[in-house]
2 protein chains.
Amino acid sequence: MGVSLKDVAQRAGVSVKTVSNVVNNYQHVTPGMRARVQQAIDELGYRPNLTARHLRKGRTGIIALAVPEFGNPYFAELAGAVIDAAARHDYTVLVDHTAGLRENELLVSQGFRAHVIDGLILSPIHLETEDLTGRTGAGPLVLLGEREYEAPYDHIAIDNVAAAREAVGHLVALGRRRIAFLGSRTGRERQPAHLRLRGWRQELEAAGLPADDSLVVVTDGYGRADGAHAMAELLDRGAAPDAVFAYNDLIAIGAMRTLAERGLSVPGDVAVVGFDDIEEARYGTVSLTTVSPDKEAIARLAVDSLVAQLKDGAPPSAPRRPRPGHHLAVRESAPAARPGGDR
Amino acid sequence: MGVSLKDVAQRAGVSVKTVSNVVNNYQHVTPGMRARVQQAIDELGYRPNLTARHLRKGRTGIIALAVPEFGNPYFAELAGAVIDAAARHDYTVLVDHTAGLRENELLVSQGFRAHVIDGLILSPIHLETEDLTGRTGAGPLVLLGEREYEAPYDHIAIDNVAAAREAVGHLVALGRRRIAFLGSRTGRERQPAHLRLRGWRQELEAAGLPADDSLVVVTDGYGRADGAHAMAELLDRGAAPDAVFAYNDLIAIGAMRTLAERGLSVPGDVAVVGFDDIEEARYGTVSLTTVSPDKEAIARLAVDSLVAQLKDGAPPSAPRRPRPGHHLAVRESAPAARPGGDR
DNA sequence: CTGAAAGCGCTAACAG
DNA sequence: CTGTTAGCGCTTTCAG
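Predicted, not measured: the structure shown is a model, and the values here were computed from it. (Residues numbered from 1 in each chain as written. Chains lettered and ligands numbered in written order. Predicted model: local features only at pLDDT ≥ 70, side-chain atom pairs only at ≥ 80, totals over all residues. Heavy atoms only, no water.)

## Thoughts on the packing of aromatic side chains
Reasoning step 1: Summed over the entire model, instances satisfying the criterion amount to 10 aromatic pairs over all chains.
Reasoning step 2: On the basis of an interplanar angle of 55 degrees and a centroid distance of 6.0 Å, the ring pair of Phe181 of chain A and Trp200 of chain A is categorised as tilted. Taken as a pair, Phe181 of chain A in strand β6 (residues 179-184) and Trp200 of chain A in helix α9 (residues 195-207) lie far apart in primary sequence, 19 residues in all.
Reasoning step 3: Assessed through its relative accessible area of 0%, Trp200 of chain A is described here as buried.
Reasoning step 4: Here a set of aromatic residues connected by ring pairs shows up, and it is made of Phe181, Trp200, Phe245 and Phe275 of chain A.
Reasoning step 5: The cationic tip of Arg196 of chain A hangs over the ring face of Tyr247 of chain A; the distance from NZ or CZ to the ring centre is 4.4 Å.
Reasoning step 6: Taking the ring centre of Phe275 of chain B as reference, the NZ or CZ of Arg196 of chain B above it sits at 3.7 Å. (Phe/Tyr/Trp six-rings, centres within 6.5 Å; stacked < 30°, edge-to-face > 60°. Helix = DSSP H or I, 4+ residues; strand = E, 2+ residues; numbered from the N terminus. Buried < 20%, exposed > 50% of the residue type's maximum accessible area, 1.4 Å probe, protein only. Lys NZ or Arg CZ within 6 Å of the ring centre and 35° of its normal.)

Next comes the structure, spelled out in structure tokens:
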């Protein structure tokens, strides 16, 4: 099938080592020799077999990024950033999705592609701490996202509680009093609560505003449809919110769709704030105010962590939890507060 | 570092062949033997080295999908469909992006990852026929998308001209007379025109409506911002359109944003039709009427083609051009025509 | 049904 | 500066 080093060596009348030297751009090859070998390479159309090289070197130069789903533009945008960051270290990224299933998260975290990938960046949804503690010899791992783990792995995430508080604080400053939270997870979760929900609660309590369950809507997933249903449920429940803080932008967008259908105006009747700052958020008929995590920083920190582990050949002595930046992108769905309030 | 087959064999007191048989679930292994080997595997935490297996078998079970960018949800959604289709054939997908650069498209098409991937599904933007004719021994390739090539490769694409005609025909049936096209490419293109632009022109001419350049806006890219700028340019130009057919949904969404800012109503003043049916199109304040390509079919046909080539060990004798289905998803931005017209 | 040994294509000692 | 050779870990004839 393929043309091998040996074929080239034979053709050029040299040893495989010399060809290897040329292919890898090593020093100490006379120009004449190099030219002769290069010619043989061109004539035969030789292409190095990376698989063999990988086997020999014990590494592949490929890292994997596993996200819940591409359907959420946040992860699509993040994937782009990770690919760029990895390219700067000469790594290729294999992008994978777990469909948000714990089973798949477990599989991928335990080295499903052992020896094909050098390391893994995983954004889990359902994975638990105990799923991670049993992990052995499956290569370097970096975690992403809102979940917290008591496991010895680097974890990259913005300060979700603080970001949520800023978002809710912004709504409070607008004079809103009944601020709902859309997108809590269903009860099976062992986690006490989402960090974003916690931030919502803290900020409301600090402001002396109601933060009870009647203002929280649980959703099945994290998509637009979930947001639309959640908003409908909130209204049907008679909660009469004057603002909504959504777990993410997709839920916020779904909620705005329902508000429009019910004849409620944004931000007039209900102000809306999302989370993620996906590009879509800027282009709705009413642009979305949202928490904007620094995706480039997240990607860079994740890749840097992985690359460092790969170089050291060992996990970090102490797990690191860097905090990439974020800011509130203020747009039309919850505009800047004017002196004297918004209404 | 790792535990190898040999280590397991030693531990279990058998030969490597036997361990290999167990690992690969071969027949003809006595249950007792199998149990003993399995125990050794578990004790040592053995995980097969896929790289070595790949080298030996000459294939990796990985296929690559290269799309212009993840930022466009169409490709993100398509990627998900390809991953699912590939999984049904026990293939893993390495998702890559070309950033829409011809240089990258060329690189990837010529076997950048030779021997790491078994085959490639490529969605090109800038690649030319001559870039493909020089391609040798870089593994099976399947092309996706609107561009047409005179090269011996399978190409999967819906009937873009017919789909565009349906979209424009729908606008005509609504009684619209000045129907613009947003998203033509800049002049460098050697292609005479986009298929979608051609469909727009054909349908308008058939209806006896104007189809001149004053109704066509060229864009730099295919994003929301490009659509917003294009719409602004069209209006500033004094074209006074009563409908817009956009190259894709992102451009349509950007255009609707501009229309809203200018105080024009959709579909009252201007009806809008997009192309791709990304989920986002269903959730705007005004949902988008759009051409909906059957993404599952596209993905399935592409993967099937690749898998067939992989099995035969040869490219198809004659290149195939299957036509996955499509339909017009009629929503609020260009609703169904009512008897007697829409206005 | 199981064992021994060859070799996939490449790189890295080690010689020359 | 270049050639020889031994594996990386696995699968696979070919014997037993």
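## Examining the protein's contact with DNA strand D
Reasoning step 1: Near DNA strand D, the surroundings consist of 22 residues, among which Thr18 and Arg56 of chain A together with Leu5, Tyr46 and Arg53 of chain B are the closest.
Reasoning step 2: What you see for DNA strand D is that sugar and phosphate hold 66% of its atoms within 4 Å of the protein.
Reasoning step 3: The separation between a phosphate oxygen of DNA strand D and a polar main-chain atom of Leu5 of chain B is 2.5 Å.
Reasoning step 4: Note that a phosphate oxygen of DNA strand D is positioned 2.4 Å from one of the side-chain N or O atoms of Tyr46 of chain B.
Reasoning step 5: Ranked by the residues each element gives to the surface near DNA strand D, the list is headed by helix α4 (residues 50-57) of chain B, at three residues.
Reasoning step 6: Each residue belonging to the surface near DNA strand D can be placed in one class, and the counts come to nine nonpolar, eight polar and five charged. (Near = heavy atom within 4 Å. Polar contact = N/O pair within 3.5 Å; in protein donor to acceptor, adjacent residues only side chain to side chain. Nonpolar A, V, L, I, M, F, W, Y, C, P; charged D, E, K, R; others polar.)

## Looking at the UniProt feature "domain: HTH lacI-type" (unreviewed entry) in chain A
Reasoning step 1: Summarizing the sequence annotation, UniProt attributes the feature "domain: HTH lacI-type" (unreviewed entry) to residues 3-57 of chain A in the numbering used throughout.
Reasoning step 2: Taken end to end, residues 3-57 of chain A is 69% helix and 0% strand, and its two terminal C-alpha atoms sit 20 Å from one another. (UniProt positions renumbered as here; feature names shortened; annotations may be inferred.)

## As for the pairing of strand β3 (residues 119-122) of chain B
All names here are of chain B.
Reasoning step 1: Residues of β3 alternate between two faces, with Gly119 and Ile121 on one and Leu120 and Leu122 on the opposite face, all of them buried.
Reasoning step 2: The pairing of strand β1 (residues 62-67) with β3 spans four bridges and is classified as parallel. Counted as the bridge partner of Ile63 is Gly119 from β3.
Reasoning step 3: Pairing analysis gives three bridges linking β3 to strand β4 (residues 141-144), with the strands arranged parallel. Across the sheet, the residue bridging to Leu120 is Leu141, located in β4. (Pairing = 2+ DSSP bridges.)

## Things to note about the protein's contact with DNA strand C
Reasoning step 1: Taken together, 22 residues surround DNA strand C, and among them Leu5, Tyr46, Arg53 and Arg56 of chain A together with Thr18 of chain B come closest.
Reasoning step 2: Within 4 Å of the protein, atoms of DNA strand C come from sugar and phosphate in 66% of cases.
Reasoning step 3: Note that a base nitrogen of DNA strand C is positioned 2.9 Å from one of the side-chain N or O atoms of Arg56 of chain B.
Reasoning step 4: Of all the secondary structure elements, the ones that give two or more residues to the surface near DNA strand C are α2 (16-23) and α4 (50-57) of chain A together with α2 (16-23) and α4 of chain B.
Reasoning step 5: At three residues, the largest contribution of residues to the surface near DNA strand C is made by α4 of chain A.
Reasoning step 6: Residue composition of the surface near DNA strand C, by class: nine nonpolar, eight polar and five charged.

## Observations concerning the nonpolar core
Considering soluble globular proteins, one finds that nonpolar side chains tend to be buried as a cluster.
Reasoning step 1: Of all hydrophobic cores here, the largest spans 157 residues; its most connected members are Leu182, Trp200 and Phe245 of chain A together with Leu182, Trp200 and Phe245 of chain B.
Reasoning step 2: Beyond its immediate sequence surroundings of up to four residues, Trp200 of chain B is in contact with Ala164, Val168, Ile179, Ala180, Phe181, Ala211, Asp212, Leu215, Val216 and Phe245 of chain B.
Reasoning step 3: Counting residues in hydrophobic clusters, the runner-up holds 34 residues, among them Ile117 and Leu132 of chain A together with Leu122 and Tyr149 of chain B. (Core = buried A, V, L, I, M, F, W, Y, C linked by side-chain atoms within 4.5 Å. Contact = heavy atoms within 4.5 Å.)

## A few points about the side chain of Arg196 of chain A
Residue and element names in this part refer to chain A.
Reasoning step 1: Along the chain, the position of Arg196 falls in helix α9.
Reasoning step 2: Looking at Arg196, the relative accessible area reads 9%, which means it is buried.
Reasoning step 3: If sequence neighbours within four positions are ignored, Arg196 has contacts with Glu146, Asn160, Ala164, Phe181, Phe245, Tyr247, Phe275 and Asp276.

## Quick word on the pattern of salt bridges
Reasoning step 1: Within this structure, the stated rule accounts for 29 salt bridges over all chains.
Reasoning step 2: Of the charged contacts, one joins Arg257 of chain A and Glu332 of chain B as a salt bridge, the two residues approaching to 2.7 Å between their closest N and O atoms. Pair noted here: Arg257 of chain A is in helix α11 (residues 249-261) and Glu332 of chain B is in the segment after β11 (326-329), and the two residues belong to different chains.
Reasoning step 3: On the basis of relative accessibility, which here comes to 33%, the residue Glu332 of chain B falls in the partly exposed class.
Reasoning step 4: Salt-bridge contacts for Glu233 of chain B lead to Arg237 of chain B; the nearest nitrogen and oxygen are separated by 2.9 Å.
Reasoning step 5: Residue classification places Glu233 of chain B among the partly exposed positions, given a relative accessible area of 39%.
Reasoning step 6: Residue Arg237 of chain B is classed as partly exposed on the basis of its relative accessible area of 35%.
Reasoning step 7: Sharing partners across several salt bridges, the network here consists of Arg224 and Glu280 of chain A together with Glu279 of chain B. (Salt bridge = Lys/Arg side-chain N within 4 Å of Asp/Glu carboxyl O.)

## Observations regarding the relation of the copies chain B and chain A
Reasoning step 1: When chain B is fitted to chain A, the best match, at an RMSD of 0.1 Å, comes from turning it 180 degrees and sliding it 0.1 Å along the axis. On this basis, the relationship between the two copies can be described by a two-fold rotation axis. Of the C-alpha atoms belonging to chain B, the one lying closest to the rotation axis is found on Leu94 of chain B, 2.4 Å away.
Reasoning step 2: In this assembly the copies share their binding face: 98% of the residues contributing to the interface of chain B also contribute to that of chain A. (Least-squares fit on C-alpha atoms with pLDDT ≥ 70 in both.)

## Let's talk about the interface of chain B and chain A
It is common to give the size of an interface as the accessible area that goes away when the parts come together.
Reasoning step 1: If you look at the interface, chain B gives 45 residues, while chain A gives 44 residues.
Reasoning step 2: Overall, the association of chain B and chain A removes approximately 3900 Å² of surface from exposure, summing both partners, and the carbon and sulfur fraction of that is 62%.
Reasoning step 3: For chain B, the biggest contributors to the area lost against chain A are His115, Arg257 and Tyr283 of chain B; these three give 18% of the whole.
Reasoning step 4: Scanning the region where chain B abuts chain A turns up four salt bridges.
Reasoning step 5: A salt bridge links Glu279 of chain A to Arg224 of chain B; its shortest N-O distance comes to 3.0 Å.
Reasoning step 6: For the interface between chain B and chain A, the tally reads 10 residue pairs in polar contact (both at pLDDT 80 or more).
Reasoning step 7: The set of elements that each furnish at least two residues to the side of chain B that touches chain A consists of α4, α5 (73-87), β2 (92-97), α10 (224-236) and α11 (249-261) of chain B.
Reasoning step 8: Among the residues forming the side of chain B that touches chain A, the class breakdown is 21 nonpolar, 15 polar and nine charged. (Buried area = accessible area lost by both parts, 1.4 Å probe.)

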